[in-house]
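One letter stands for each residue in the lines below.
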Amino acid sequence: MRDNAAVPGAVIEARGLDLVFQTADGPVQALKDVNLTINKGDFVSFIGPSGCGKTTFLRCIAALEHATGGSLTVNGMTPDEARMRRAYGYVFQAAGLYPWRSIAGNIRLPLEIMGFSKAEQAERVERVLALVDLAGFGKKFPWQLSGGMQQRASIARALAFDADILLMDEPFGALDEIVRDRLNEELLKLWARTGKTIGFVTHSIPEAVYLSTKIVVMSPRPGRITDVIDSPLPRERPLDIRDSREFIEIAHRVREGLRAGHGDEV
Amino acid sequence: MRNLGPILVVLAAIVALWYLAAVWMNAAWVHDQAARDGRAVTLAELVPLTLTQERPVLPAPHQVAKGLYDGLFGQKVTSKRSLVYHAWVTLSATGLGFVIGSAAGMLLAVGIVFNRAMDLSVMPWAIASQTIPILAIAPMIIVVLNSTGVTGIVPKAIISAYLSFFPVVVGMVKGLRSPDAMQLDLMRTWNAGALTSFAKLRLPSSMPYLFASLKVGIAASLVGTIVGELPTGAVAGLGSRLLSGSYYGQTVQIWAALFAAGLLAAGLVALIGWAEWVTLKRMGLAR
Ligand SMILES: Nc1ncnc2c1ncn2[C@@H]1O[C@H](COP(=O)(O)OP(=O)(O)O)[C@@H](O)[C@H]1O
Ligand SMILES: [Mg+2]
């Protein structure tokens, strides 16, 4: 792994990033002058109202969209080069497991595509299944699992090939509150154990504050960053940290940021 | 078998209606005969006379059943009078036509999905080809091929393929395009090329669609073969049995051949259904 020359330890670095979609109704400015540095091992949440460009920014990092201005580096490379070097795993809101493959088969899929040996595939599948608490479920088919378990399997799939960046776009958005709490707790443990850098899109203020070391508040039309909050919370976070004064203060600041972003638009 | 009851009731109703229709439609001939002899017929005399004619307008179910049974089991299977023989002739052309048609359909579908020029150019032609009545072009295909020395099952198989490729193209294109944007994006994040996403994602996703269209395709193949047999001078095949039956007013023979064709179609569709079940089961898609 190479470190970025400009900012030591920076894994993702955006400078003056612009993205304009050309649509039938004319140009849509999805991102405007986005500046952000994400360091190795950060857990970064993106929060903001619908249409503020959270998904678009994540997709730019993953080279699924290409910026129309500014610069963006991932591990010191262009996003396309980083993808070629398997720099990241991507988790969507829907698990998107193939119904014709078992859970193990689904997790094996990226490994097959990337040409890992059979033995290595099997070993890695077992390892990530244990990591997401699904050991023993490899032979099941997706329809035999609950929504929360399916999403865990899709996280395992993203972890299987040792990418050091995990990009998650509202991964728990379709799940109920209780399952969501559990998965948040597990995700934090997984992050602590693996030391991955995580980019996480969410609509929920408590979720963002609970999970992140850095909270990026965004606002729409044009999509831009209005506040970046470095969390003073310790890395070790039991669920009841959400009742602490510090937690409530950060949540308050996020809410203010969201309101301010909304205010200058109307 | 909970469903058996209703099925039997419907079947019995159809048979009863059929008998009524047979009596009604064949009565005219009985009345004519009686008038010629200067007698009147009572209803009790009429009914048996309408159901036992040599060349009825509408043969009664038991006559068709006997004709079918004789055709299938009453002859050596090599006999020109055996329905097994004629069904085999039709089946072999149908099989060949179906293999050609579905292979062409799948190849065209892959081309359409991967190549924008083919997407724009092939589909309109494929649709146009199906709007031409098959009865109009079947004799032309036979005559043109015969004049170039191609005879036997090949011309029939081509007509059969002509009808069966279309449902396969439509179903397979829909199937290959069924993965959603997210699944395709996922492939891109793994740096998978077009060939890999085809093999790992598009092709498996298309299987349920493919089998549904193969069922339609094989039935269309059979229809195509029978239509192809009509203008061949009626040598062999179920189509020729239909044609010669109508030349000589052998209505029982026509109906027996029709039912044989129906049984054949049901068997072929069931065969595809079985292949579908096995494939989807192995893929974990059948529940
Ligand atoms: N492929 C696209 N083509 C055109 N406009 C798009 C496309 N993707 C997103 N947009 C627009 O860009 C803006 C940001 O979208 P998005 O990043 O999805 O927002 P978020 O994820 O924050 O809800 C929206 O106005 C959206 O309509
Ligand atoms: Mg979004």
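Because the structure is a prediction, the values reported are computed rather than measured.

(A) Representation of the overall build of chain A in the model. Broken down by element type, chain A carries eight helices and nine strands. Taken over the C-alpha trace, chain A has a radius of gyration of 19 Å; the compact-globule value for 266 residues is 18 Å, and the two agree within 12%. When its C-alpha atoms are laid out on the principal axes, chain A stretches across 55 × 40 × 40 Å. Looking at chain A residue by residue over its 266 residues, the buried ones come to 54%. Pairs at least 24 apart in sequence give 69% of the contacts found in chain A among residues at least 6 apart. Surface exposure of chain A reaches about 11,500 Å², of which carbon and sulfur atoms provide 52%. Of the side chains in chain A, 33 bear a positive and 34 a negative charge, and the two mean positions are spaced by 5 Å.

(B) Molecular detail of the site of ligand 1. Residue and element names in this part refer to chain A. Every residue close to ligand 1 is listed here: F21, T23, V28, A30, S50, G51, C52, G53, K54, T55 and T56. Between G51 and ligand 1, the recorded distance is 2.7 Å, taken from a backbone N or O atom to an oxygen atom. Within the backbone of G53, an N or O atom sits 3.1 Å from an oxygen atom of ligand 1. Here ligand 1 loses 62% of its free accessible area of 560 Å² to cover by the protein chains. Those elements giving two or more residues to the shell around ligand 1 turn out to be β1 (10–23), β2 (26–39) and α1 (54–61).

(C) Looking closely at helix α11 (residues 251–283) of chain B. End to end, α11(B) covers 48 Å across 33 residues, agreeing with the expected 48 Å (1.5 Å per residue, within 8%). Positive backbone phi, at 80°, marks B:G284, one or two positions downstream of α11(B).

(D) Layout of the pattern of salt bridges. As enumerated under the stated definition, the model contains 24 salt bridges over all chains in all. A salt bridge links A:E112 to B:K200; the shortest N-O distance between them is 2.7 Å. Residue A:E112 is located in helix α3 (residues 103–113), and its partner B:K200 is located in helix α9 (residues 194–229); the two belong to separate chains. The class for B:K200 is partly exposed, based on a relative accessible area of 23%. Here A:D162 and A:R127 are joined by a salt bridge, their closest N and O atoms 3.4 Å apart. Here A:R127 lies in helix α4 (residues 118–131) and A:D162 lies in the loop between α5 (147–159) and β6 (165–169), a separation of 35 residues in the sequence. One connected set of salt bridges, linked through shared partners, spans A:E120, A:E123, A:R124, A:R127 and A:D162.

(E) The interface of chain A and chain B, seen in detail. Contact with chain A, which involves 25 residues of that partner, is made by 19 residues of chain B. Roughly 2,100 Å² of surface becomes buried between chain A and chain B when both sides are summed, with 66% attributable to carbon and sulfur atoms. Applying the counting rule to chain A against chain B returns two salt bridges. On the surface where chain A and chain B come into contact, there are four residue pairs in polar contact (both at pLDDT 80 or more).

(F) Structural detail: the domain arrangement of chain A. All names here are of chain A. Segmentation of chain A into domains returns domain 1 (2–87 + 164–263) and domain 2 (97–162). Counting from both sides, the interface comprises 15 residues of domain 1 and, opposite them, 14 residues of domain 2. A combined buried area of about 1,200 Å² lies between domain 1 and domain 2, and 66% of that area is made up of carbon and sulfur atoms. Its largest share of buried area at the contact with domain 2, domain 1 owes to R86, L166 and L190, together 40% of the area lost on that side. Linking domain 1 with domain 2 are one salt bridge, by the criterion used here. Between R152 and E186 there is a salt bridge, with the nearest N and O atoms lying 3.3 Å from each other. The interface formed by domain 1 and domain 2 contains three residue pairs in polar contact (both at pLDDT 80 or more). Taken together, the elements giving at least two residues each to the side of domain 1 that touches domain 2 come down to β6 and α6 (177–194).

(G) Quick look at the nonpolar core. By size, the foremost hydrophobic cluster in this structure holds 130 residues, and its most contacted members are A:F46, A:F57, A:V209, A:I215 and A:V254. When residues in this core are grouped by element, the largest group, 10 residues, is from α11(B). Ignoring sequence-local partners within four residues, the contact set of A:V209 consists of A:I215, A:L233, A:R237, A:F247, A:I250, A:A251 and A:V254. Judged by nonpolar contacts, the second largest core, of 11 residues, contains B:I141, B:I159, B:A220 and B:V227.

(H) Examining the packing of helix α8 (residues 181–189) of chain B against α9(B) more closely. Residues and elements named next belong to chain B. Look at α8 against α9: their axes get within 11 Å of each other, and the N-to-C directions meet at 150°. Handedness of the crossing formed by α8 with α9: right-handed. Side by side, α8 and α9 meet where Q183, L184 and M187 of the first sit next to S197, K200, L201 and R202 of the second. For the contact of α8 with α9, the per-class residue count stands at three nonpolar, two polar and two charged.

(I) A look at the sheet that holds strand β7 (residues 197–202) of chain A. Residue and element names in this part refer to chain A. Across the sheet, which stays open at both edges, the six strands sit in the order β5-β6-β7-β3-β8-β9 with mixed pairing between neighbours. The open sheet has two edge strands with one neighbour each: β5 (88–91) and β9 (224–230). If you compare each strand with its neighbour and ignore which way they point, the axes differ by 15° on average. Inspection of the sheet shows β6 paired to β7 by five bridges, in the parallel sense. In the sheet register, L167 faces β7, and the bridge partner there is G199. Against the sheet, α1 contacts β3 (43–47), β5, β6, β7 and β8 (214–219), and its axis sits at roughly 150° relative to β6.

(J) Molecular detail of the packing of aromatic side chains. This structure, assessed with the given rule, holds 13 aromatic pairs over all chains. Aromatic side chains A:F43 and A:W191 sit 5.6 Å apart centroid to centroid with 80° between the ring planes, which places their arrangement in the edge-to-face category. Of this pair, A:F43 sits in strand β3 while A:W191 sits in helix α6, and the two are 148 residues apart along the sequence. You can call A:W191 buried: its relative accessible area is 3%. Where B:Y247 meets B:Y248, the ring centres are 6.3 Å apart and the plane angle is 75°; that geometry is what we call edge-to-face. Looking at B:Y248, the relative accessible area reads 54%, which means it is exposed. The structure contains a cluster of three or more aromatic residues connected by ring pairs, namely A:F43, A:F172, A:W191 and A:F200. Over the face of the ring belonging to A:Y210 we find A:R242, whose NZ or CZ atom lies 5.7 Å from the ring centre.

The rules behind each value
Residues numbered from 1 in each chain as written. Chains lettered and ligands numbered in written order. Predicted model: local features only at pLDDT ≥ 70, side-chain atom pairs only at ≥ 80, totals over all residues. Heavy atoms only, no water. Helix = DSSP H or I, 4+ residues; strand = E, 2+ residues; numbered from the N terminus. Rg over C-alpha atoms; globule rule 2.2 N^0.38 Å. Buried < 20%, exposed > 50% of the residue type's maximum accessible area, 1.4 Å probe, protein only. Contact = heavy atoms within 4.5 Å. Areas by Shrake-Rupley, 256 points an atom, 1.4 Å probe, with all protein chains shown as cover. Lys, Arg positive; Asp, Glu negative; His and termini not counted. Charge placed at Lys NZ, Arg CZ, Asp CG, Glu CD. Near = heavy atom within 4 Å. Polar contact = N/O pair within 3.5 Å; in protein donor to acceptor, adjacent residues only side chain to side chain. Expected span 1.5 Å × (residues − 1). Salt bridge = Lys/Arg side-chain N within 4 Å of Asp/Glu carboxyl O. Buried area = accessible area lost by both parts, 1.4 Å probe. Domains from an automatic or database assignment. Core = buried A, V, L, I, M, F, W, Y, C linked by side-chain atoms within 4.5 Å. Axes fitted to C-alpha atoms, helices over the stretch in contact; angles between N-to-C directions. Left-handed = near helix turned anticlockwise from the far one by under 90°. Nonpolar A, V, L, I, M, F, W, Y, C, P; charged D, E, K, R; others polar. Pairing = 2+ DSSP bridges. Phe/Tyr/Trp six-rings, centres within 6.5 Å; stacked < 30°, edge-to-face > 60°. Lys NZ or Arg CZ within 6 Å of the ring centre and 35° of its normal.

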